[in-house]
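# An overview of the molecular structure
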Amino acid sequence: MDGTDPYQAFLRNHQPQLVSSGVPQIFWSTLCTKLQRHTFDAGDSFEIVRLEYAEGEKENNDPIWKVYIVKEDGISAKDPNNIFLVDHAWTYDVKTARRNLVQVPGLLDRMSNLMGFDKDRAEDEKLEFVLSEMWRFNSFFSLGNASTIEERLPIWYIMDELGSAINHSDDPNFRTVPFLYASEGVTYTLLFPIKDVPFEAEITRDYVEGVTNDPNKRRALLLPWKTNNFIQENFVQVEPDESYFLSGHIEETLPEETVTNTLQILENTKLKVYSQYSFVNEYLNDPAFEIVSNEEEADILWLTTHFKDYKTLSTKSPRVFVNQFPFEHVLTVKDLLSIICRRKAGESKYDPLTLDTFPKWLPTTYNLSTELVEFVSYFQNREAKSLDNYWICKPWNLARGLDTHITNNLYYILKLPATGPKVAQKYIFDPILYLRTEIGKVKFDIRYVVLLKSVKPLSAYVYTNFFLRFANKQFGLDNFDVYEQHFTVMNYSEEALCHIKCEDFVKKWQQQYPLYPWKEHIEPKIMQMLKEVFEAAVAAEPPKGIAHSPQSRALYAVDLMLQWDEEGMEPVLLEFNFSPDCKRACEYYPNFYNDIFKCLFLDKVDADAPIYDLFPKS
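Attention here is on the structure that accompanies the text. Predicted model, so just to flag it, every value in this text is computed and none were measured.

### Here's the deal with the overall build of the chain
Of regular secondary structure, the chain possesses 21 helices and 25 strands. With the C-alpha coordinates of the chain rotated into their principal frame, the extents come out at 90 × 65 × 45 Å. Taken over 618 residues, the chain has a buried fraction of 54%. Partitioning the contacts of the chain with sequence separation of at least 6, the portion at a separation of at least 24 is 68%. For the chain, the accessible area works out to roughly 28,700 Å², and carbon and sulfur atoms hold 48% of it. For the chain, the distance from the average site of its 64 positive side-chain charges to the average site of its 91 negative ones is 3 Å.

Okay, structure coming up:
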């Protein structure tokens, strides 16, 4: 024995977690003992009762179970013994939930019973019911101290029969919080009273704990359990004020307006390039440029980290270019991109018959943190018109398809904002597909590299050799948990990549879609869309728009798809990417960075360079 006090050791490992979860200190010692002894004694104090409903009496959101106090003297919030361990019946990743239910013995029947579905029904019926209904029962936790983004993603779980039977109340008498018992690497839910509860009273908890200052938002989040109608709420979005664009944004300075035009100063000189990106160092070999390892002697800073101090750059280093613009995050952050693009909607914000929003090339997008009520109204209005309601929900601050969900289940969507900032974007339910002979017709997306050269006057270019990504399974409006069917980003998975150069793609395109020639029909629409995006991005002064900076030049990657509409094929904007990976561009087209740098820094475009001017001088 080393003489270590078990309780003090417990506190060293768990006190920060207990404090952040709001577990009263009065319960800590009992909790330590129950965890060490694996004491599950909730059955001594509580009883689960199944509710009986007459034929046709039960509404969809009515509870199936209730939990009552059976301890004769009731439960006191001041008794240190009244904290209870609740086990987790199912811990899962959304992508593997279906597989779990099929492969883990007894899990599907247990979940069906817990959710009030007849376990004697057909297996496929139970499976689809549980996958839909689980969003009314699940909770999540995340490992805030994990070392990678992947490890910090939400982990979903459903409590055991006791925890899942506790109903909602706006005036609850208990709380439940997830708790990671680090000593064993096991997660439980802690159940404890927040007020005294008498014998035979029902115990309740607040399902949307913490949402108290916005009654409408609270009503929306409670929809999985309380029926509410939001159809009369206005779903038209209003552009937020400057504070929204600055919220959470790293402070940056603007350049001095008197800065000299750097391009004229550097004309006809060899430009020294300091780059944090290895492929620039490897492939930029035009004699007009020289790669240097010392940032201090560079004429061009090509950075992969965010640059913010444009004022100092303009006053201390007026001869130096940087590959970023002030406030360019209005393009590269997903929720801001959708806000600025709506500036191109015109007077009519949406079609009253189809509810399609404008501009046509921008998928309808709502911020689930700040526009949740508007989103629910839009969802319910589409539902009332029997319009498709598939949505893709993704973090606006992550890439690579991480923590991204596709569903038409409103209850599912309403659970996602609590896991981190998300946008809900209308899923393209009728995309243009590409025939992969070995698989069938699959989804694909297109990446263009675009160049911003100046804000005043607006000058931007497109590298017209585009890049393609393909799904690995045939497309269909089903199996939304099958990644390879609905997503095209395979670079970070074990799935095989399908690589096709754009020139080969265009040849096959002409065979598959002869009525829609790429150069004459598709590409002009894409160029017009990109032109409008840049116009929208500079239509407002910073912080609501990109700022003018004579020393700035930038490269972004734009991802888009094509969809069918009443006029044929139309492009659809997905996102702009900061500091994109251009490895494939260099390998396919070794002159890629030579063409890019000459355009941006020498005002020169070779006759054979695949670069299109979005704003040609008349």
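### Looking at the environment of Leu-284
Within the secondary structure layout, Leu-284 lies in the loop between helix H11 (278-283) and strand S12 (289-291). With sequence-adjacent residues up to four places away left out, Leu-284 is seen in contact with Val-273, Phe-279, Phe-289, Ile-291, Tyr-593, Asn-594 and Phe-597.

### As for the nonpolar core
Within the largest apolar cluster, 98 residues are counted, with the highest numbers of intra-cluster contacts made by Phe-505, Trp-509, Trp-518, Phe-534, Tyr-593 and Phe-597. At nine residues, the largest contribution of residues to this core is made by helix H19 (residues 518-537). Setting aside residues no more than four positions away along its own chain, Trp-518 makes contact with Ile-446, Tyr-448, Phe-466, Phe-505, Val-506, Trp-509, Gln-510, Glu-523, Pro-524, Ile-526 and Leu-562. Counting 66 residues, the second largest nonpolar core, distinct from the first, contains Trp-65, Trp-156, Leu-191 and Ala-424.

### Comments concerning the sheet that holds strand S15 (residues 365-367)
A sheet is described by the order of its strands in space; here four strands give the open sequence S15-S18-S16-S17, paired in antiparallel fashion. Pairing within the sheet leaves two strands with one partner each, and these edge strands are S15 and strand S17 (405-407). Sheet twist, expressed as the mean angle between neighbouring strand axes with direction ignored, is 20°. Looking at chain direction, strand S16 (residues 391-395) and S17 are connected through three bridges and run antiparallel. Bridged to Ile-392 within S17 is Ile-406.

### Some remarks on the pattern of salt bridges
Counting across every chain of the model gives 37 salt bridges. Residue Asp-41 pairs with Lys-34 through a salt bridge whose shortest N-O separation is 3.1 Å. On the basis of relative accessibility, which here comes to 7%, the residue Lys-34 falls in the buried class. When the shortest N-O distance is used, the salt bridge between Glu-587 and Lys-583 registers 2.7 Å. Here Glu-587 and its partner Lys-583 are both found in helix H20 (residues 583-588), four residues apart, which amounts to about one turn of the helix. One salt-bridge network, in which partners are shared between bridges, spans Asp-170, Asp-206, Arg-218 and Lys-226.

### A few points about helix H21 (residues 592-602)
Each α-helix winds once per 3.6 residues, and so residues spaced three or four apart point in a common direction. Among the 11 residues that make up H21, 10 are buried, leaving the element largely enclosed by the rest of the structure. Listing the buried residues of H21 in full gives Phe-592, Tyr-593, Asn-594, Asp-595, Ile-596, Phe-597, Lys-598, Cys-599, Leu-600 and Phe-601. Count one or two residues on from H21 and you reach Asp-603, which has phi positive near 55°.

### Points about the packing of aromatic side chains
In the structure shown here, the tally under the stated rule is 54 aromatic pairs. On the numbers, 5.9 Å between centres and 85° between planes, the contact of Tyr-378 with Trp-391 is edge-to-face. One end of the pair, Tyr-378, is in helix H15 (residues 372-384); the other, Trp-391, is in strand S16, with 13 residues separating them in the sequence. Pair check on accessibility: Tyr-378 and Trp-391 agree, each one buried. The residue whose ring lies beneath Arg-50 is Trp-65, and the NZ or CZ to ring-centre distance is 5.1 Å. A cation over an aromatic ring shows up here: Arg-219 above the ring of Phe-230, its NZ or CZ 4.4 Å from the ring centre.

### Considerations on the packing of helix H14 (residues 334-341) against H19
Axis separation between H14 and H19 bottoms out at 8 Å; the angle between their running directions is 95°. Judged on the interaxial angle alone, H19 and H14 are roughly perpendicular. Contact residues: H14 offers Leu-337, Ile-340 and Cys-341, while H19 offers Val-533, Ala-536 and Ala-537. Here the contact of H14 with H19 is built from residues that sort into six nonpolar, no polar and no charged.

### Here's the deal with helix H5 (residues 123-133)
Those residues of H5 lying buried are Lys-126, Leu-127, Val-130, Leu-131 and Glu-133. On the buried face of H5, the contacting elements are strand S4 (88-92), helix H3 (97-103) and helix H4 (107-114).

Cut-offs and rules
Residues numbered from 1 in each chain as written. Predicted model: local features only at pLDDT ≥ 70, side-chain atom pairs only at ≥ 80, totals over all residues. Heavy atoms only, no water. Helix = DSSP H or I, 4+ residues; strand = E, 2+ residues; numbered from the N terminus. Buried < 20%, exposed > 50% of the residue type's maximum accessible area, 1.4 Å probe, protein only. Contact = heavy atoms within 4.5 Å. Areas by Shrake-Rupley, 256 points an atom, 1.4 Å probe, with all protein chains shown as cover. Lys, Arg positive; Asp, Glu negative; His and termini not counted. Charge placed at Lys NZ, Arg CZ, Asp CG, Glu CD. Core = buried A, V, L, I, M, F, W, Y, C linked by side-chain atoms within 4.5 Å. Pairing = 2+ DSSP bridges. Axes fitted to C-alpha atoms, helices over the stretch in contact; angles between N-to-C directions. Salt bridge = Lys/Arg side-chain N within 4 Å of Asp/Glu carboxyl O. Phe/Tyr/Trp six-rings, centres within 6.5 Å; stacked < 30°, edge-to-face > 60°. Lys NZ or Arg CZ within 6 Å of the ring centre and 35° of its normal. Parallel < 35°, antiparallel > 145°, perpendicular 65-115°, else oblique. Nonpolar A, V, L, I, M, F, W, Y, C, P; charged D, E, K, R; others polar.

Fair warning: the whole summary comes from geometry, so function is off the table for now.
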